[in-house]
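What follows is each chain in one-letter form.
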Amino acid sequence: MLAVGADRQHGGNDGYDDDPDAHYSWDDTVPNARTVAVGDRIVLWDKEAVIGASLIEGIETSHAEKILYRCPRCNKADIKRRKRESPQFRCYPCSDTFDVAATRVGRVETFRSRHDANWIDLGRCLDGQTLRSLCVSPKSQLSMRLLRWDAFAEALCSAGRGQGAVFLEEASRWVQSRPGGHRHARVRVRVGQRGFRERLLASLGPVCAFTGPGPVAVLEAAHLYSYAAVGQHHDDGGLLLRRDVHRLFDQGDIAVDPRTLTISLRDELARYPGYAPLQGQPLATKLDRGHVGWIEKHWRQHRSDSP
């Protein structure tokens, strides 16, 4: 899926409000609009490189009025704004160029994925050319296109990011194996999440388990396990984490060594002064036996190559 916000034009419209690590938006004017389903693994890129990958937990649908632009000569919608050339628009079907497009207001069905719970930041580890070669149709210009997942997972392994692919494969298999799995996944990350956070705040106080006390507004209820793969809120499987730390923990860049119960950073985080001091430090939150059990599983999942 191509995610470049308002710069992602299709069919002569004004783009979309993508937020790559949380949601992706499209409407029924986009090819493949209705082929995307809850439980699908998705990979987002920005034309230059991969951004990240996730598992679709839900798809919100609605309707909206939007301005659609067309070629004044052939009335086709396959037109694009040009950033550096004049006239402003170019029509690809008839090759006409023009500064003023024909417009109409159309009613469209809109879609928005929710995929924040399992988001994995891939650190631009694969460039755009590589990603195109991994598509079922490498020469496709569609903003949503099929990816050869096995080839993509192999490319991630070569780039040192193989654990991310394994994590999403496991979560995806669990969703698809459940009776009515798509319907269940549609609400899984929402039901009870607020209450889960409130209970953690009441029992642990406004404290990020890794960085210490902080404003309530920046603290998130973090699962020590994949909620998509378990489907339940376990109070002994949750800690409060600052948003950035939460993301790094989910992808294994920050973990807790179960032997010492101290913080462990991947080597690439050591060069950042905001994170480097955390290495080897004890947690700011007291852990119970349940927490330790989940932490051991998280360590095995993300640090299986560690001694």
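Here, the structure is the one placed above.
Residues numbered from 1 in each chain as written. Predicted model: local features only at pLDDT ≥ 70, side-chain atom pairs only at ≥ 80, totals over all residues. Heavy atoms only, no water.

## Section: the overall build of the chain
Item 1. The secondary structure content of the chain amounts to eight helices and 15 strands.
Item 2. Across the 307 residues that make up the chain, the buried fraction comes to 47%.
Item 3. Contacts spanning at least 24 positions in sequence make up 62% of the contacts within the chain whose residues lie at least 6 apart.
Item 4. For the chain, the accessible surface area stands at approximately 15,500 Å², while carbon and sulfur atoms represent 49% of it. (Helix = DSSP H or I, 4+ residues; strand = E, 2+ residues; numbered from the N terminus. Buried < 20%, exposed > 50% of the residue type's maximum accessible area, 1.4 Å probe, protein only. Contact = heavy atoms within 4.5 Å. Areas by Shrake-Rupley, 256 points an atom, 1.4 Å probe, with all protein chains shown as cover.)

## Structural notes on helix α7 (residues 243-250)
Item 1. Of all eight residues that make up α7, six are buried, and the element is covered over most of its length.
Item 2. Elements that come into contact with the buried residues of α7 comprise β12 (219-223), β13 (238-242), β14 (254-257) and α8 (289-302).
Item 3. The first or second residue beyond α7 is glycine 252, which carries a positive phi of 85°.

## Describing the nonpolar core
Item 1. In terms of nonpolar packing, the biggest core is built from 22 residues, with Phe210, Leu241, Ile254, Ile263, Leu265, Tyr275 and Leu283 touching the most fellow members.
Item 2. Going through the elements one at a time, β12, β13, α7, β14, β15 (262-265) and α8 are the ones with two or more residues in this core.
Item 3. Looking at which element gives the most residues to this core, the answer is α7, with three residues. (Core = buried A, V, L, I, M, F, W, Y, C linked by side-chain atoms within 4.5 Å.)

## So, the packing of aromatic side chains
Item 1. In the structure shown here, the tally under the stated rule is five aromatic pairs.
Item 2. Each ring, one from tryptophan 26 and one from phenylalanine 111, has its centre 5.5 Å from the other, and the planes form 15°; the classification is stacked. Of this pair, tryptophan 26 sits in strand β1 (residues 23-27) while phenylalanine 111 is found in strand β8 (residues 102-114), placing the two residues 85 residues apart along the sequence. Phenylalanine 111 matches tryptophan 26 in its accessibility class, with the two residues each being buried.
Item 3. Where tryptophan 149 meets phenylalanine 152, the ring centres are 5.4 Å apart and the plane angle is 50°; that geometry is what we call tilted. Residue tryptophan 149 and its partner phenylalanine 152 are located together in helix α2 (residues 149-158), separated by three residues, close to a single helical turn. The pair formed by tryptophan 149 and phenylalanine 152 is uniform in burial state, with each residue classed as buried.
Item 4. Of the aromatic side chains, those joined through ring pairs into one cluster are Tyr24, Trp26 and Phe111. (Phe/Tyr/Trp six-rings, centres within 6.5 Å; stacked < 30°, edge-to-face > 60°.)

## Quick look at the sheet that holds strand β7 (residues 97-98)
Item 1. Taken in spatial order, the three strands of this open sheet run β5-β6-β7, and their pairing is antiparallel. Taken across any chain shown, the strands that pair with only one partner, and hence form the sheet edges, are β5 (79-81) and β7.
Item 2. Relative to β7, strand β6 (residues 89-91) runs antiparallel, the two being bridged by two bridges. Note that in β7 the partner of arginine 90 across the bridge is threonine 97. (Pairing = 2+ DSSP bridges.)

## Quick word on the pattern of salt bridges
Item 1. Summed over all chains, the structure comprises eight salt bridges.
Item 2. The partner of arginine 124 in a salt bridge is aspartate 46, and the shortest N-O contact between them spans 2.8 Å. Taken together, the residues arginine 124 in the loop between β9 (120-121) and α1 (128-133) and aspartate 46 in the loop between β2 (41-45) and β3 (50-55) connect sequence positions 78 residues apart.
Item 3. The residue arginine 259 makes a salt bridge to aspartate 257 at a minimum N-O spacing of 2.8 Å.
Item 4. Look at arginine 259 and you get exposed, because its relative accessible area is 57%.
Item 5. By sharing partners, the salt bridges in this structure join Asp28, Arg34 and Glu109 into a single network. (Salt bridge = Lys/Arg side-chain N within 4 Å of Asp/Glu carboxyl O.)

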